[in-house]
Amino acid sequence: MKEIWKKHKKLIVIAVVAVVVVAFFFNPFKGSGNSDLMVQTTVLAKQDLSKTVEVTGLVESADSMKVTSSLAAYEMQTINVKAGDKVEAGQVLGTVDVEDLLLDVQKAEASLNINDQTTGLTLNSTQQEYEDFKADLENNMNSSINNAQTNVDNALTTLNDAKKAYNEALEDMDQGENETIKKAQKAVDNARKAYRDASDTSDSYDLDNLKSELSEALAALAAAEAAKQPTKALEMQVSALQSQISAASSLKGSSDSAYDAYKEAKDALADAVKAADKQLESYLDAVDKAQTAYDNAEKNLTIAKRNAQQQLKTYEDSLTKTQLSASDPSRQIELQKLKKQLNEAEITAPISGTVTAVNVEVGDKASGVLFVIENADALKINTAIKEYDLMSVQNGMKAIISADAIPNEKYNGKVSFIAPAAKKAADGSTKSGSSSVEFESEIDVTDTKTDLRIGMNAKVNIIVEEKKGALAVPYDAVITDVDGTSYIYVAQQDGNKYTAKKVIVTIGMETDFLLEVISDELQEGDIVITSPQGVSEGATVLLG
């Protein structure tokens, strides 16, 4: 606003200068010898200056309550107030028809009672299951664990028996105490001896030689018989040789039989050794199988114990869950909530004030905002501060409030709220453009009694700077050279005339219409020329 006024001021000054120049050349009194310049003046005096930011807004209640009901699903039964009525805090504004709610309360009570009984039975049953199972574990009476332990014991016994049988068989093998092998070895030894004896006896006869001798004797016998010679001696020789051959052949057969028996005994011994080795392998296989069975039994025992602990944990969790369910307050809370709602059938005023809106009728659902109550004695102005004024305004700054509906009246206020972010556009984005960016703000009306009414349009001047007892002049009285030097003209009396004196000043506080001027040469009562166009140092002026 100040920048706009300055631009206007410069235009006005230029226009005034032009008028003065024209007046100087076309002054009808110029030729008469009267060269005194008529000027406008003001008497310099100390003033209270204030710099303000002007905003507009609506008068609202600083203490406003929207009354709702927790019984949105039920219908209004009575409405006791209308817009404009004044009410006190706690006063009944209306009532809700709670006949159905009362039935809901009774239903919830019955359901809670049944749930308590059912939960109690379940709790007792779960408690007993848990305690029984735990007692069985502590007293080593768990059937699954006991069965698994029995299987472990049996498997261990079988394993030990298998190891024992294997070790005994191995020891017998190592010490040559295997009975089957011993018997087979003895048979081999006997057969070997019999074969050797038979072989030694058989070797005492030369069967081939005997057979040769027999052939010769038979030939000699045949020749003797042919020659009709005596044959008795030859016959006896043949008979003896035949007897010897028969005996030798018999001994040869006995030797062969003994050899065959010896071979069979050796084969039987080999079979016995193989059978013993196979038996030893079977014992070792039995040990391996027994070891595997024992390891599996141990694993099953571990699993049985772990399963038992898990089952105990399951029983414990079930018991805990049942206990929690039994102590679950949700149903009780729901019942209390219904009873609380039942007690809220009467809708009361939360604050004292004036009813400014009644948004419901008898028979309507008690949903949404039912009533609006506002304190008409505590007011605020809901407004917005432009972006370029924002940095000048702070919370707590004093403000002057006025309204067109109440002419010639002004009220005191103060800034109570400035939004941290700019107002949003309809799509939720921040508005752009310096002319449209605004920050929502609130101005509290600090006067206790005013003629302001809720909903009125109000104008607020926020005092952003003020100074007491400052020497100030209108903007037009100050001239600033191109080098930035500012000065004013003071009309000083010189006998019966006034002359202009140039006084260099420092500009202090600026308001919309006045500038504070600071100089040791100024004092209250000085006559300041407010239309300095055409005035120069020492010029005679006429006071207008």
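These lines cover the structure that appears in this document, whether it is placed above or below.

Each value, and the rule that gives it
Residues numbered from 1 in each chain as written. Predicted model: local features only at pLDDT ≥ 70, side-chain atom pairs only at ≥ 80, totals over all residues. Heavy atoms only, no water. Helix = DSSP H or I, 4+ residues; strand = E, 2+ residues; numbered from the N terminus. Buried < 20%, exposed > 50% of the residue type's maximum accessible area, 1.4 Å probe, protein only. Areas by Shrake-Rupley, 256 points an atom, 1.4 Å probe, with all protein chains shown as cover. Lys, Arg positive; Asp, Glu negative; His and termini not counted. Charge placed at Lys NZ, Arg CZ, Asp CG, Glu CD. Core = buried A, V, L, I, M, F, W, Y, C linked by side-chain atoms within 4.5 Å. Contact = heavy atoms within 4.5 Å. Pairing = 2+ DSSP bridges. Patch = residues over 30% accessible without salt bridge, like charges linked within 9 Å, V, L, I, M, F, W, Y side chains within 5 Å. Salt bridge = Lys/Arg side-chain N within 4 Å of Asp/Glu carboxyl O. Axes fitted to C-alpha atoms, helices over the stretch in contact; angles between N-to-C directions. Phe/Tyr/Trp six-rings, centres within 6.5 Å; stacked < 30°, edge-to-face > 60°. Lys NZ or Arg CZ within 6 Å of the ring centre and 35° of its normal. Expected span 1.5 Å × (residues − 1). Polar contact = N/O pair within 3.5 Å; in protein donor to acceptor, adjacent residues only side chain to side chain. Parallel < 35°, antiparallel > 145°, perpendicular 65-115°, else oblique. Left-handed = near helix turned anticlockwise from the far one by under 90°.

1. Digging into the overall build of the chain
No. 1: For the chain, the count of helices and strands is seven helices and 21 strands.
No. 2: Oriented by its inertia axes, the alpha-carbon framework of the chain measures out at about 230 × 75 × 40 Å.
No. 3: For the chain, the residues scored as buried account for 31% of the 544 residues in total.
No. 4: When the accessible surface of the chain is split by element, carbon and sulfur atoms take 50% of a total near 33,400 Å².
No. 5: The positive charge centre, built from 56 side chains, and the negative charge centre, built from 84, are 4 Å apart in the chain.

2. Some thoughts on the nonpolar core
Considering soluble globular proteins, one finds that nonpolar side chains tend to be buried as a cluster.
No. 1: In terms of nonpolar packing, the biggest core is built from 27 residues, with Ile-381, Val-393, Ile-401, Ile-443, Leu-452, Val-460 and Ile-462 touching the most fellow members.
No. 2: Among the secondary structure elements, those contributing two or more residues to this core are strand E3 (46-61), strand E11 (379-386), strand E12 (398-403), strand E13 (406-418), strand E14 (438-445) and strand E15 (457-474).
No. 3: Sequence-distant contacts of Ile-443, defined by excluding residues within four places in its chain, comprise Leu-379, Lys-380, Ile-381, Thr-383, Ala-399, Ile-401, Gly-413, Lys-414, Val-415, Ser-416, Val-460 and Ile-462.
No. 4: Residues Val-98, Leu-101, Leu-335 and Val-355 belong to the second largest nonpolar core, which totals 25 residues.

3. Some remarks on the sheet that holds strand E4 (residues 64-67)
No. 1: Strand order in the open sheet formed by four strands is E4-E10-E9-E6, and the pairing between neighbours is antiparallel. Looking at the sheet topology across the chains shown, the edges are occupied by E4 and strand E6 (86-87).
No. 2: Relative to strand E10 (residues 371-374), E4 runs antiparallel, the two being bridged by four bridges. Counted as the bridge partner of Val-67 is Phe-371 from E10.

4. Regarding a negative patch on the surface
No. 1: Taken together, the side chains of Glu-75, Asp-97, Glu-99, Asp-100, Asp-104, Glu-361 and Asp-364 define an acidic patch exposed on the protein surface.
No. 2: Considering the arrangement of structural elements, one finds Glu-75 in the loop between E4 and strand E5 (76-79).

5. Observations regarding the sheet that holds strand E7 (residues 92-96)
No. 1: Taken in spatial order, the three strands of this open sheet run E5-E7-E8, and their pairing is antiparallel. The open sheet is flanked by E5 and strand E8 (346-348), the only strands paired with a single partner. Across this sheet, the average inter-strand angle for adjacent strands is 25°, counted without regard to direction.
No. 2: In this sheet, E7 lies alongside E5 in antiparallel orientation, the contact comprising three bridges.

6. Considerations on the packing of aromatic side chains
Two measures describe an aromatic ring pair: the distance that separates the ring centres and the angle between the ring planes.
No. 1: Across all of its chains, the model carries two aromatic pairs by this definition.
No. 2: Ring centres of Phe-133 and Tyr-315 lie 5.2 Å apart, and the angle between their planes is 50°; this geometry places the pair in the tilted category. A residue pair is termed long-range when its members are at least 10 positions apart, and Phe-133 in helix H2 (residues 99-138) and Tyr-315 in helix H6 (residues 232-327) qualify at 182 residues.
No. 3: Given a relative accessible area of 21%, Tyr-315 falls into the partly exposed group.
No. 4: Between the aromatic rings of Tyr-487 and Tyr-489, the centroid separation amounts to 5.7 Å while the plane-to-plane angle is 85°, which identifies the pairing as edge-to-face. A single burial state applies to Tyr-487 and to Tyr-489, both of which are buried.
No. 5: Lying over the aromatic face of Tyr-487, Lys-502 brings its terminal NZ or CZ to 4.1 Å of the ring centre.

7. Some words on helix H3 (residues 143-175)
No. 1: With 33 residues, H3 ought to run about 48 Å at 1.5 Å a step, and its terminal C-alpha atoms sit 47 Å apart, in line with that.
No. 2: Among the residues of H3, those classed as buried are Ile-145, Ala-148, Val-152, Ala-155, Leu-159, Ala-162, Tyr-166 and Ala-169.
No. 3: A distance of 3.2 Å separates the backbone nitrogen of Ser-144 from a side-chain oxygen at the start of H3, and that oxygen is part of Asn-142.

8. Remarks on the side chain of Thr-530
No. 1: As for its position among the elements, Thr-530 is in the loop between strand E20 (527-529) and strand E21 (540-543).
No. 2: For Thr-530, a relative accessible area of 16% puts it in the buried group.
No. 3: If sequence neighbours within four positions are ignored, Thr-530 has contacts with Gln-40, Thr-41, Thr-42, Pro-474, Asp-476 and Ala-477.

9. Concerning H2
No. 1: Taking 1.5 Å of rise per residue, 40 residues should cover 58 Å, and H2 covers 58 Å from first to last C-alpha, within 8% of that figure.
No. 2: Taken together, the buried positions of H2 are Leu-101, Val-105, Ala-108, Leu-112, Thr-119, Thr-126, Tyr-130, Phe-133 and Leu-137.
No. 3: Just past H2, the residue Asn-140 takes up positive phi, approximately 55°.

10. Some remarks on the packing of H2 against helix H7 (residues 330-343)
No. 1: Put simply, H2 and H7 touch, their axes get as near as 10 Å, and they point 160° apart. Between H2 and H7, the interaxial angle falls into the category roughly antiparallel. Judged by the sense of rotation from one axis to the other, the crossing of H2 with H7 is left-handed. In this structure, H2 contributes Leu-101, Leu-102, Asp-104, Val-105, Ala-108, Glu-109, Ser-111, Leu-112 and Asn-115 to the contact, and H7 contributes Arg-331, Gln-332, Leu-335, Leu-338, Lys-339, Gln-341 and Leu-342.

11. Description of the environment of Thr-52
No. 1: Position of Thr-52 among the secondary structure elements: in strand E3.
No. 2: Excluding its chain neighbours within four sequence positions, the residues that come into contact with Thr-52 are Asn-461, Ile-462, Ile-463, Val-464 and Asp-512.

12. A word on the side chain of Thr-354
No. 1: Of note, Thr-354 is situated in strand E9 (residues 353-358).
No. 2: A polar atom in the side chain of Thr-354 sits 3.3 Å from the side chain of Lys-86.
No. 3: Not counting the four nearest positions on each side in its chain, Thr-354 is found in contact with Gly-84, Asp-85, Lys-86, Val-372, Ile-373, Glu-374 and Ala-376.

13. Structural notes on the environment of Pro-420
No. 1: Among the structural elements, Pro-420 can be located in the loop between E13 and E14.
No. 2: By relative accessible area, Pro-420 is classed as exposed at 80%.
No. 3: Pro-420 sits 277 residues away from Ser-143 along the chain, and the two C-alpha atoms are 74 Å apart.

By themselves, these figures tell us nothing about what the structure is for.
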